[in-house]
Number of protein chains: 2
Amino acid sequence: MNPKIKYSQKTHNCGEVRLKNVGENVTLFGWVHRRRDHGGLIFLDLRDRSGLIQVVADPSLSREAFKIAQKVRGEYVISAKGKICRRPPETENPNLPTGEVELRADEIRIVSKAKTPPFEVEDGIVVDENLRLKYRYIDLRRREMLSSLELRHKVVACLRNFLNQEGFLEVETPYLTKSTPEGARDYLVPSRVHPGHFYALPQSPQLFKQILMVAGIERYYQIARCFRDEDLRADRQPEHTQIDLEMSFVSRDDILSLVEAMLKKVFLLINQDLIIPFPRMTYDEAMRRYGTDKPDLRYGLEITDLTPIFKETNFKVFAQVIRDGGVIRGIKVEKEFTRKQIDDVINLALQNGAKGLTWFSYLGGELKSPVVKFLNQDEIKNLIQAFQLRGKNTLFLMADQSHVASQVLGILRENLCKQLNLVKSNNFKFLWIINFPLFEYDEEEKRLKSHHHPFTSPTEESIPLLDSEPLKAKANAYDLVVNGVEIGGGSLRIHLTGLQEKIFSLLGLSPLEIKEKFGFLLEAFKYGVPPHGGIALGLDRLVMLMARRESIRDVIAFPKTQSAFCPLTKAPDAVKEKQLRELHIRLR
Amino acid sequence: MNPKIKYSQKTHNCGEVRLKNVGENVTLFGWVHRRRDHGGLIFLDLRDRSGLIQVVADPSLSREAFKIAQKVRGEYVISAKGKICRRPPETENPNLPTGEVELRADEIRIVSKAKTPPFEVEDGIVVDENLRLKYRYIDLRRREMLSSLELRHKVVACLRNFLNQEGFLEVETPYLTKSTPEGARDYLVPSRVHPGHFYALPQSPQLFKQILMVAGIERYYQIARCFRDEDLRADRQPEHTQIDLEMSFVSRDDILSLVEAMLKKVFLLINQDLIIPFPRMTYDEAMRRYGTDKPDLRYGLEITDLTPIFKETNFKVFAQVIRDGGVIRGIKVEKEFTRKQIDDVINLALQNGAKGLTWFSYLGGELKSPVVKFLNQDEIKNLIQAFQLRGKNTLFLMADQSHVASQVLGILRENLCKQLNLVKSNNFKFLWIINFPLFEYDEEEKRLKSHHHPFTSPTEESIPLLDSEPLKAKANAYDLVVNGVEIGGGSLRIHLTGLQEKIFSLLGLSPLEIKEKFGFLLEAFKYGVPPHGGIALGLDRLVMLMARRESIRDVIAFPKTQSAFCPLTKAPDAVKEKQLRELHIRLR
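Heads up: these notes are all about the structure in this document. (Residues numbered from 1 in each chain as written. Chains lettered and ligands numbered in written order. Predicted model: local features only at pLDDT ≥ 70, side-chain atom pairs only at ≥ 80, totals over all residues. Heavy atoms only, no water.)

**Here we look at the interface of chain A and chain B**
And then number 1: Counting from both sides, the interface comprises 131 residues of chain A and, opposite them, 131 residues of chain B.
And then number 2: For the pair chain A and chain B, the two sides together bury roughly 11,400 Å², of which 59% comes from carbon and sulfur.
And then number 3: Of all residues in chain A, the largest losses of buried area upon contact with chain B belong to Tyr7, Tyr527 and Arg588 of chain A, amounting jointly to 9% of the total for that side.
And then number 4: Connecting chain A to chain B are 20 salt bridges.
And then number 5: As a salt-bridge pair, Asp573 of chain A and Lys178 of chain B come within 3.1 Å of each other at their nearest N and O atoms. (Contact = heavy atoms within 4.5 Å. Buried area = accessible area lost by both parts, 1.4 Å probe. Salt bridge = Lys/Arg side-chain N within 4 Å of Asp/Glu carboxyl O.)

**What to know about the packing of aromatic side chains**
And then number 1: Going through the model one piece at a time under the given rule, you end up with 45 aromatic pairs over all chains.
And then number 2: Measuring from centroid to centroid gives 4.9 Å for Phe249 of chain A and Phe29 of chain B, while their planes differ by 35°, and the two rings are tilted. In this pair, Phe249 of chain A sits in the loop between strand E10 (239-248) and helix H6 (252-268) while Phe29 of chain B sits in strand E1 (residues 25-38), so the two residues belong to two different chains. For the pair Phe249 of chain A and Phe29 of chain B, a shared accessibility class is recorded, and that class is buried. (Phe/Tyr/Trp six-rings, centres within 6.5 Å; stacked < 30°, edge-to-face > 60°. Helix = DSSP H or I, 4+ residues; strand = E, 2+ residues; numbered from the N terminus. Buried < 20%, exposed > 50% of the residue type's maximum accessible area, 1.4 Å probe, protein only.)

**Here's the deal with the state of the cysteines**
All names here are of chain A.
And then number 1: Inspection of every chain in the model, using the stated rule, returns zero disulfides over all chains.
And then number 2: The thiol of Cys14 is unpaired, and the distance to the nearest cysteine sulfur, on Cys85, comes to 16 Å.
And then number 3: In this structure Cys14 comes out as buried when scored by relative accessible area, which is 0%. (Disulfide = S-S within 2.5 Å.)

**Looking at helix H4 (residues 143-165) of chain B**
All names here are of chain B.
And then number 1: With 23 residues, H4 ought to run about 33 Å at 1.5 Å a step, and its terminal C-alpha atoms sit 32 Å apart, in line with that.
And then number 2: In terms of burial, H4 is a largely internal element, 17 of the 23 residues being buried.
And then number 3: A positive backbone phi angle near 85° is found at Gly167, which sits one or two residues after H4. (Expected span 1.5 Å × (residues − 1).)

**Points about the packing of helix H13 (residues 497-506) of chain A against helix H14 (residues 511-524) of chain A**
Residue and element names in this part refer to chain A.
And then number 1: Viewed as axis vectors pointing N to C, H13 and H14 meet at an angle of 160°, and their least axial separation amounts to 12 Å. Considering the angle they form, H13 stands roughly antiparallel to H14. The two elements H13 and H14 cross, and the hand of that crossing is right-handed. Seen from H13, the contacting residues are Thr497, Gln500, Glu501 and Phe504; seen from H14, they are Ile514, Phe518 and Leu522.
And then number 2: Among the residues forming the contact of H13 with H14, the class breakdown is four nonpolar, two polar and one charged. (Axes fitted to C-alpha atoms, helices over the stretch in contact; angles between N-to-C directions. Parallel < 35°, antiparallel > 145°, perpendicular 65-115°, else oblique. Left-handed = near helix turned anticlockwise from the far one by under 90°. Nonpolar A, V, L, I, M, F, W, Y, C, P; charged D, E, K, R; others polar.)

**Observations concerning the environment of Val575 of chain A**
And then number 1: Structurally, the position occupied by Val575 of chain A is in the loop between helix H15 (539-546) and helix H16 (577-582).
And then number 2: Residues Val575 of chain A and Glu334 of chain A, spaced 241 residues apart in sequence, show a C-alpha to C-alpha distance of 60 Å.
And then number 3: In this view, Val575 of chain A contacts Leu580 of chain A together with Leu188 and Phe198 of chain B; residues no more than four positions away in its chain are not counted.

**With respect to the packing of H4 of chain B against helix H6 (residues 252-268) of chain B**
Residues and elements named next belong to chain B.
And then number 1: Across the interface, H4 lies against H6 with an axial gap of 9 Å and an inter-helix angle of 140°. With respect to each other, H4 and H6 are oriented oblique. Regarding H4 and H6, the two cross each other, and that crossing is right-handed. Packed against H4, whose contacting residues are Val155, Cys158, Leu159, Phe162 and Leu163, the element H6 presents Leu258, Ala261, Met262, Lys265 and Val266 at the interface.

**Describing the relation of the copies chain A and chain B**
And then number 1: Expressed as a screw transformation, the operator carrying chain A onto chain B has a rotation angle of 180° and an axial translation of 0.0 Å, and the superposed copies differ by an RMSD of 0.1 Å. Seen this way, the second copy is the image of the first under a two-fold rotation axis.
And then number 2: When the interface residues of chain A are mapped onto chain B, 100% of them again lie at the interface, so the same face is used by both copies. (Least-squares fit on C-alpha atoms with pLDDT ≥ 70 in both.)

**A short note on helix H8 (residues 316-323) of chain A**
All names here are of chain A.
And then number 1: Among the residues of H8, Phe318, Ala319, Val321 and Ile322 are the ones counted as buried. Taken end-on, H8 shows its buried residues confined to a sector of 165°, consistent with a single buried face. Every exposed residue of H8 that faces more than 90 degrees away from the buried side is listed here: Lys316 and Arg323.
And then number 2: For H8, the elements touching its buried residues are strand E13 (327-333), strand E14 (358-363) and strand E16 (393-400).
And then number 3: Backbone geometry just after H8 places Gly325 at a positive phi near 85°. (Arc of directions from axis to C-beta.)

**Here's the deal with a positive patch on the surface**
And then number 1: A cluster of basic residues, Arg63, Lys67, Lys71 and Lys113 of chain A, forms a positive patch on the protein surface.
And then number 2: Examined against the element boundaries, Lys67 of chain A turns out to sit in helix H1 (residues 63-71). (Patch = residues over 30% accessible without salt bridge, like charges linked within 9 Å, V, L, I, M, F, W, Y side chains within 5 Å. Areas by Shrake-Rupley, 256 points an atom, 1.4 Å probe, with all protein chains shown as cover. Lys, Arg positive; Asp, Glu negative; His and termini not counted. Charge placed at Lys NZ, Arg CZ, Asp CG, Glu CD.)

**Some words on the pattern of salt bridges**
And then number 1: Scanning the entire structure with this criterion turns up 110 salt bridges over all chains.
And then number 2: Among the ionic pairs, Glu144 of chain A bridges to Arg142 of chain A, the shortest N-O distance being 2.8 Å.
And then number 3: Residue Arg142 of chain A is classed as buried on the basis of its relative accessible area of 1%.
And then number 4: Residues Glu75 of chain B and Arg141 of chain B are paired through a salt bridge, measuring 2.8 Å at the closest nitrogen-oxygen approach. Residue Glu75 of chain B is found in the loop between helix H1 (63-71) and strand E4 (77-86), and its partner Arg141 of chain B is found in the loop between helix H3 (136-139) and H4; the two are separated by 66 residues along the sequence.
And then number 5: Glu75 of chain B sits in the buried class, given a relative accessible area of 3%.

What is shown is where atoms sit, not what they do.
Following this line, the structure appears as structure tokens:
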């Protein structure tokens, strides 16, 4: 016999009643999921968070209960008391965990009534998302939404247990703080007490977690809300949650191993036994082979470098590009494409920055293309060999500077994958991308920018390059990628004041700017700072992947729309003039 | 043999090395807590988060290590390699958990240097708090601060484990949202995308957690940051953390019992085995006996009601007050007071709203007072009996309306307790205050206000009073008080639309205001709402009490000052005109 649920007016949860409870007198509460009137009997599917159970109102058992059952409608909240009985054999429902039993009601009470909901409380409904967000309290009653929240809960509990066991301290850092240096736009909060001054909501706890390392916390984590006032893309929210951690006295591999062990635990929640360590790939290799720093390894379509084949070519287009330091690269589709399909691919390439795209079709052992006539027999042979052509194939080749070729072919690759439906596996393909560039060049501002953030340390070997060829310097930075989605990133940080100041000056920050923005961190570094590093994983994306949902909004209880609006509460909203006055601001 | 620490360049934590590790070769990292140069030998106390260990630099073992040890100073970060040895018997330190062993260093490396810190890394230092906040990374190195953060971590982990086991779902609610109805000033966040509109940072997740109940979550919790732009008092912060929970299908006692069981677990962390259930006292009784709704039960000094004794008195002051519906109440000090001490008490009473205070001294069986001559023998006898006077006593009596008498005597009681040092026990005296008034009268705005918040349900018996005598209506509300500090409060909520609308109208809210502020909640209530209730406990205060600290700032990693300023980061700060322009605001 199940013990009565503690701290509740229910004796049992609806979805947990089983054969072993037959004969017990129970009190259940829940929502009427469905009501079937079979004339002499009324059947109610009673739903609570745990699941459904069938409640039978039989006038021969209680005329009163039967009368009330006649009145109830979908989504009414009711209580039902009575005995758990075994269902007659032919009426068992094998699809329901409670399908062998039913509650024969002695008493039914209506706790609160319900209007007809704006959409069905069922999985897989097709409803405008704004309507779902406005009536989120109905939307969250749907099993698939509830399951996502439950999974999120379990993931977070599992992460915390793991990190607690590994000696991490959970420390809360302020939400009312100062601009953080992540580069996105800050949400600002006007101060009433300090006229003209503003707090910023943190884009991440980056500076605080580094300060905590200086304070000797050694292992910190926080499930932290982070805020970015960016133009929202499909999978962005004004506030997102990250699993934020930082460690002292560690190597890069210590951090990667810890994260691997943590995610192995977490994925067991959905019965996925991840193989660790995860593969590692340098940024350069990822860009060369997949044209992206977040490759989806569930499918091939790898980019092949053909530059050596065309070193001596007479085909002018290729020759010119190679002379200019560019590359010839291509991908192979194991399929014959129609002229229309080929044109679509070419257009996509042009739209994404290609100056042109060369195609070949391979059929019956023969290579065809408008440019075949410019190639010699060796080149054709080598091309066939490089791509290991067999059966029916289509090739797309690009000739351009390396980074343009990577970018365009990366997009083609992703697009062709979708078009050809190449992702067959439902597995999770994890991959570490390592050895990121330390800097990138900002064409607009004509200066170096940090590829990650300015606290990222260069690799030991890169330090001599800082003065001579800073764009060739590599960082002790790493991203974690799953199925083409970046779910986290981090780095070993700089812990030496001199090096940190050098990086700031390479970024073109003036001493005054440095002092204003990061002065307190540099000051802290003067009082004994341990070597440290960390990572932040996006919780929303992680749970989205685990729950196999398409949108992070499906794993957030109360998300905002793409215009950062909440259809439920109607936030943001107008405020009173008095409030603005107190905050020393006015509207423009 | 301890296994090597995982995911670290250390093999062991400094404070965890014991006799059983003797003979092991270890690598330690940490801060130099103290350095003693004994000529031939140098002793370094190496500190990490786990504690201290003695490192010995002996030139006969390694001349190199000895040379480096000569150079290190306090708070330098170093690594030390070598063998763990048993200390020579006469040099053992019984005050240190590692006091039987030491590390004889083969190698010492300086990882980073440190300037002399602005204050000592020791417990119990007397330093201006602003300096501690500015150099928080030094302050947090002190064992007492670190212990507070560690305790906070453990408390939160314990709370979560308990709630997870009881079937609660942890759900994150938005921080960028709409004004909540807690009555304090909101922090506002201007929207860039919606010109002239503002988000509010939540004063609590109240509305969202009620929406989650409508959504069928049944048991919700969150360790939630809450924001109030109030003038800061000693124990207030612009952002504080609360343990926020809500339950469906519960009675008041279900919630109280759950909280009791949870706190029993939590207090075991500091070896306090709480006796549950906690005592319960009605609001009216607390006000009558202690003059406050958060009485500290660690001492007596109870307020005695003397009104019946003076029902027929000839003493005009008392007689007049009783005629006007007032009360005569007093407290007894078990001590003879000097005239000066008596005057101080009288002044305190006058400053706090008393029109006068009558005193008596009792000495050698005789009652003395300027007013004794106005009292008859029965009155004197009854007074002696009511207070059970014996030995030396001083009495203070107030004649006024009940709420004034409660307020003033409550303040006197607290003050006399401090003056006489009456709190002898270090125990935790928990107390539930129940049956709060549903409303209070706002003299300024000449209207009813909610004593808690407008979603608090009236008790069953009070519903008939709502129209006739609303100020007599009691609420299903409860506060949890420990040693005179309120650490939490909650209520059963209203779950019926009609009753909720009635309460709003009694509060003088117009239909338009109701719709604007709470429309979405009332709308949600139309789709099947379960009976529900909850509580929020202040985490900062709870941990402060458990850590036996005087200020919540000592249990917050990065608190603000009383002017809501962060001396470490200098937030809030000026921002760029461009940012204001993007947010469609300007400064006044």
